Amino acid sequence: MDFKLGRINLNKVAQGVGGFVFGKDTSNSNDDSYVQSLLERIKNVEDDNDNKRIEALDELQSVVEESVSAQLAFGELGISVLMGVIKSERDNEKMVKGALESLASALTPIAPEGGVKNEIHPAMMNSDLLCREAENISLLLGLLDSDNFTVQYHTLQLLTALLTTSRNRVQEAILTIPQGITRLMDMLMSREAIRNEALLLLTYLTHEAEEIQKIVVFEGAFEKIFIIIQDEGGAEGGVVVEDCLVLLNNLLHCLSNQRLLRETTGFEPLISILVLESRVSKFSKQKTSNLLRALDIVEMLLVGGSAAECGKDNRMSNQTVLYQKKLMDELLMLGVENQRAAVSLRCSALRCIGYLVVGHRQNLDAFASKVLGEDPNVEPALNSILRILLRGSTAQEFVAADFVFRCFCEKNSDGQGLLASTMIPQPQSMSHTPLEDINMSFGSMLLRGLTVSETDGDLETCCRAASVLSHILMDNIQCKERVLRIEVEAPIPSSQEPLMHRILKYLALSSIKLKDGNHKMSARDSYIQPVILKLLVTWLADFPDAVHCFLVLRPHLTYLLELVSNLSVSVCTKGLAAILLGECFLYNKSDDKSKDASLVVDVISEKVGLTSYLLKLEDLQRSYVFTSTKAGLRDSMAEMDDISANDETDWKHDEHPVLNSLFDTQFVDIVIKLEENLRASIVEISSHLKNKVVALPVELEQQSGESDGDYIKRLKLFVEKQCAEMQDILGRNATSAEALVKATASDSAGTDKLRRDLQEAAKQVQVLKSEKAKVQDEADAHCSLADKMKSDLKSLSDAYKNLEQAKSLLESEVKALKLETKKSPDLDAIKEEAKEEGRKESEVELNDLIVCLGQEQAKVEKLSSRLEELGEDVSSLLEGVGDDLEMPEDSDDDDDGK
């Protein structure tokens with residue numbers, strides 16, 4: 001056999017070498033009758049010529065791969081015939097291979113032409129028919145015991161196709177088959193191409209199947225997965241590493257598996273994937289993808305996997321062990337120190353930092369004292385993360401860094417006090433120190449962000465700093481008092497003003513910018529006002545001193561009234577302004593009649609109207625930000641991936657992902673409680689008459705000629721009448737207030753349908769987003785498959801090269817024997833026999849590999865078409881594949897020498 005090959009033409013391979021992959025053109029044939037005739041030819045066991053049956057199998061595979069109607073015609077008869085072939089012709093490699101390929105094609109969905117969706121899905125129907133009989137799955141699993149490479153390879157592909165369309169049925173069937181999962185796990189230790197197919201199959205098999213996840217882990221999955229990852233080069237490896245991490249993610253959804261990994265293998269192999277060589281490490285697209293998969297697993301371990309108490313204990317244990325194993329160092333390197341990493345990778349690392357410390361006292365304390373850099377250029381890690389938050393170029397970085405501070409401050413009064421204690425105003429001479437100065441304290445940096453000059457117009461920085469301050473003040477009266485005492489330099493020379501007043505000034509400035517006709521509203525303008533209002537609502541909550549500071553200047557109240565009535569601002573902004581107004585009378589302890597609670601309620605009633613005011617609160621409760629938070633309908637972190645640094649999308653109905661991320665459950669619960677208290681307070685305040693100075697009625701003056709007795713008697717009657725009227729007014733006033741609240745409540749009841757409609761709409765939005773994510777996942781899956789096929793092609797090529805090397809080695813040995821025994825005819829015969837045997841073995845292996853090469857190339861071409869429809873750049877995905885398939889040539893000299 002001539003092994004002298006140049007670059008392989010995969011198209012010719014697919015069409016010729018190793019047998020026909022595609023049959024004759026059947027475009028003019030009736031699919032139904034054509035498929036039936038092919039099945040009859042395959043079923044005809046009396047035909048002694050197996051080649052005709054094999055040819056029919058090849059033609060059947062070709063037609064069902066391309067035609068939906070052919071898949072529909074295949075149906076139950078096709079399943080029966082081909083499974084019969086597999087059962088009865090098990091020793092006939094070519095027949096079994098053809099049957100497996102035809103079944104896989106019949107079970108693989110075909111994309112509808114022109115984008116029109118088909119109501120009938122024949123591939124799914126065929127999958128369902130095949131899975132109805134558990135015996136069929138058992139028969140397929142039994143084929144994995146074969147020593148034949150092609151049989152194992154195509155069996156795994158068929159099972160994977162089954163899992164993509166009928167996952168639940170296959171999972172149930174495999175659970176009933178003795179040693180079924182064991183056979184699949186054994187494939188992970190097989191040759192590379194088989195191992196890769198087994199990885200993909202197990203990924204589908206373990207999805208949302210806790211019982212299977214436990215069995216797979218019991219079969220030693222953790223050890224095998226980490227061995228493969230290490231052999232493939234860790235994070236630097238290819239798509240196989242990513243497949244391993246997806247499988248590992250599936251397995252660790254089960255809490256018992258998390259405990260088993262923690263207590264046996266340990267978390268070190270997982271953490272080692274995240275280790276970077278230096279701060280200037282480079283990141284390829286695949287390396288970034290691998291690291292993101294690893295961080296997804298870390299995040300799941302830190303979330304705990306369940307809201308139950310056992311899940312909480314498991315989460316705390318994971319937090320403890322992961323911190324002890326130096327995970328924080330690797331996360332800080334990825335998320336903070338290495339600026340070459342992709343934004344998505346840095347943000348994922350920052351989220352993991354938040355989850356690693358939240359609610360864990362020891363981790364919080366250790367993180368608070370963590371420093372980055374090398375002497376002498378070191379600074380606290382919290383300072384570095386704050387700088388990213390204030391100066392990050394993307395909204396994703398802002399939200400991810402803000403999440404770290406939310407987690408750090410949650411139920412951590414000591415940590416909040418630590419951060420608040422550093423908020424000391426700097427001298428005027430240091431007011432222009434750049435934020436990049438590592439000698440600046442945390443509080444100084446935060447104050448710089450909060451008090452940036454309005455001439456800079458940098459309200460984005462103020463907004464970001466305000467979000468951090470709201471976490472520091474949340475449910476912490478001591479921190480509120482400390483920050484309330486902070487005064488900053490005012491625009492007027494040699495004067496100061498409270499920090500709260502400066503923040504209110506920037507809130508008003510944001511409104512002026514929005515009113516400016518020359519100012520185009522950007523995407524970020526839609527969340528600046530709500531975030532600053534969130535800070536003020538948090539600050540004033542249950543803190544009368546802050547309310548007093550707020551009302552010191554009457555324009556503050558006037559501005560809020562205008563903001564509540566402004567038709568051009570969002571529902572969320574008006575609702576939060578209404579909550580802030582409510583706090584001004586709910587927590588108002590002032591005795592000053594010009595600033596007391598009654599005055600605020602009267603002003604609201606006069607300028608806004610109590611009915612309108614209460615409806616603003618109702619609108620806030622019905623806004624998307626609040627309903628989606630309460631119902632848990634959104635994944636705000638995932639939504640952040642949809643926006644870019646210069647995003648100008650017209651986000652309507654307060655749906656900007658930044659708002660969805662910053663308005664967490666804790667703040668929403670505070671607002672809901674405040675609204676209930678506001679309603680009760682309005683009723684109480686309205687039930688008391690306000691004292692007013694009135695002119696003396698004429699009836700109280702003594703008339704001319706009226707005796708003192710008559711005058712006194714008339715005064716008594718007048719006073720009694722006034723008392724009765726006052727009591728009546730008080731009663732009617734209280735009744736009116738109660739009626740108002742009841743009316744609003746009635747309106748609320750009347751809007752229950754609207755609320756349900758809104759929630760239904762929110763669910764529909766989620767469905768649409770899920771569909772979008774599904775399409776994206778499909779594109780990613782195709783990309784992954786394309787990458788996997790590249791890896792498989794490379795593996796097959798490497799295997800071919802190994803065969804060539806083995807052949808050369810064998811021929812070298814034969815040549816050496818020839819030189820030593822030139823006159824021995826018996827040794828010449830032995831040499832020829834060994835040489836012939838080596839060639840035959842090489843031929844068999846080579847034919848298998850070449851056939852697989854052709855099949856993989858055909859799949860690559862099909863996937864390429866699908867990827868082009870989805871808008872992917874196919875050429876970049878396949879770049880360099882041909883170079884990997886360069887085969888070694890034997891020199892003419894070597895041939896002559898043989």
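Residues numbered from 1 in each chain as written. Predicted model: local features only at pLDDT ≥ 70, side-chain atom pairs only at ≥ 80, totals over all residues. Heavy atoms only, no water.

An unreviewed UniProt entry lists the protein chain under the name Vesicle tethering protein Uso1/P115-like head domain-containing protein, with Papaver somniferum as the source organism. UniProt annotates the protein chain under Subcellular location (unreviewed entry) with the comment "Golgi apparatus". (UniProt positions renumbered as here; feature names shortened; annotations may be inferred.)

Peer 1: Would you mind showing me how to read the pattern of salt bridges here?
Peer 2: Should the charged atoms of two oppositely charged side chains come close, the side chains can pair. Counted according to the given criterion, the structure contains 30 salt bridges. The partner of Glu-460 in a salt bridge is Arg-464, and the shortest N-O contact between them spans 2.8 Å. Residue Glu-460 and its partner Arg-464 are located together in helix H26 (residues 459–473), separated by four residues, close to a single helical turn. Judged by its relative accessible area of 5%, Arg-464 is buried. In this structure, the salt-bridge partner of Lys-534 is Asp-664, at a minimum N-O distance of 3.6 Å. Pair noted here: Lys-534 is in helix H29 (residues 525–540) and Asp-664 is in the loop between helix H37 (657–662) and helix H38 (665–686), with a separation of 130 residues, a long-range link. (Salt bridge = Lys/Arg side-chain N within 4 Å of Asp/Glu carboxyl O. Helix = DSSP H or I, 4+ residues; strand = E, 2+ residues; numbered from the N terminus. Buried < 20%, exposed > 50% of the residue type's maximum accessible area, 1.4 Å probe, protein only.)

Peer 1: Teacher, can you tell me more about the pairing of strand E2 (residues 377–380) here?
Peer 2: Put simply, side chains in a regular strand alternate between the two faces of the sheet. With four bridges connecting them, strand E1 (residues 371–374) and E2 associate as antiparallel partners. Pairing of Val-371 across the sheet is with Pro-380, part of E2. Between the end of E1 and the start of E2, which pair antiparallel, lie two residues. (Pairing = 2+ DSSP bridges.)

Peer 1: Is there a simple way to explain a nonpolar patch on the surface in this structure?
Peer 2: Taken together, the side chains of Leu-72, Ile-120 and Met-125 present a nonpolar region at the surface, about 280 Å² in accessible area. By the secondary structure assignment, Leu-72 is in helix H4 (residues 68–88). Under the relative-accessibility criterion, Leu-72 is labelled partly exposed at 44%. (Patch = residues over 30% accessible without salt bridge, like charges linked within 9 Å, V, L, I, M, F, W, Y side chains within 5 Å. Areas by Shrake-Rupley, 256 points an atom, 1.4 Å probe, with all protein chains shown as cover.)

Peer 1: Even after reading the chapter, I still don't get the environment of Glu-76, so can you show me in this structure?
Peer 2: Positionally, Glu-76 belongs in helix H4. Among the residues examined, Glu-76 registers a relative accessible area of 60% and is labelled exposed. As a C-alpha pair, Glu-76 and Met-125 span 49 residues in sequence and 9.2 Å in three-dimensional space.

Peer 1: In this structure, what is going on with unusual backbone geometry? I would like to understand it.
Peer 2: Apart from glycine, the bulk of residues carry a negative phi angle, and the bulk of peptide bonds sit in the trans form. Despite not being glycine, Lys-411 shows a phi value in the positive range, around 50°. Looking at the secondary structure, you find Lys-411 in the loop between helix H23 (395–409) and helix H24 (413–421). Even without a glycine there, the phi angle at Asp-475 is positive, about 55°. Mapped onto the elements of the fold, Asp-475 is located in the loop between H26 and helix H27 (477–484).

Peer 1: What is the right way to read the packing of H4 against helix H5 (residues 93–106) from this model?
Peer 2: Any two packed helices are characterised by how steeply their axes cross, that is the angle between the axes, and by the distance between the axes. Across the interface, H4 lies against H5 with an axial gap of 10 Å and an inter-helix angle of 155°. Between H4 and H5, the angle falls in the class roughly antiparallel. For the pair H4 and H5, the crossing hand works out as left-handed. Here Gln-71, Phe-74, Ile-79, Leu-82, Met-83, Val-85 and Ile-86 of H4 come into contact with H5, specifically with Met-95, Ala-99, Leu-100, Ser-102, Leu-103, Ser-105 and Ala-106. For the contact of H4 with H5, the per-class residue count stands at 11 nonpolar, three polar and no charged. (Axes fitted to C-alpha atoms, helices over the stretch in contact; angles between N-to-C directions. Parallel < 35°, antiparallel > 145°, perpendicular 65-115°, else oblique. Left-handed = near helix turned anticlockwise from the far one by under 90°. Contact = heavy atoms within 4.5 Å. Nonpolar A, V, L, I, M, F, W, Y, C, P; charged D, E, K, R; others polar.)

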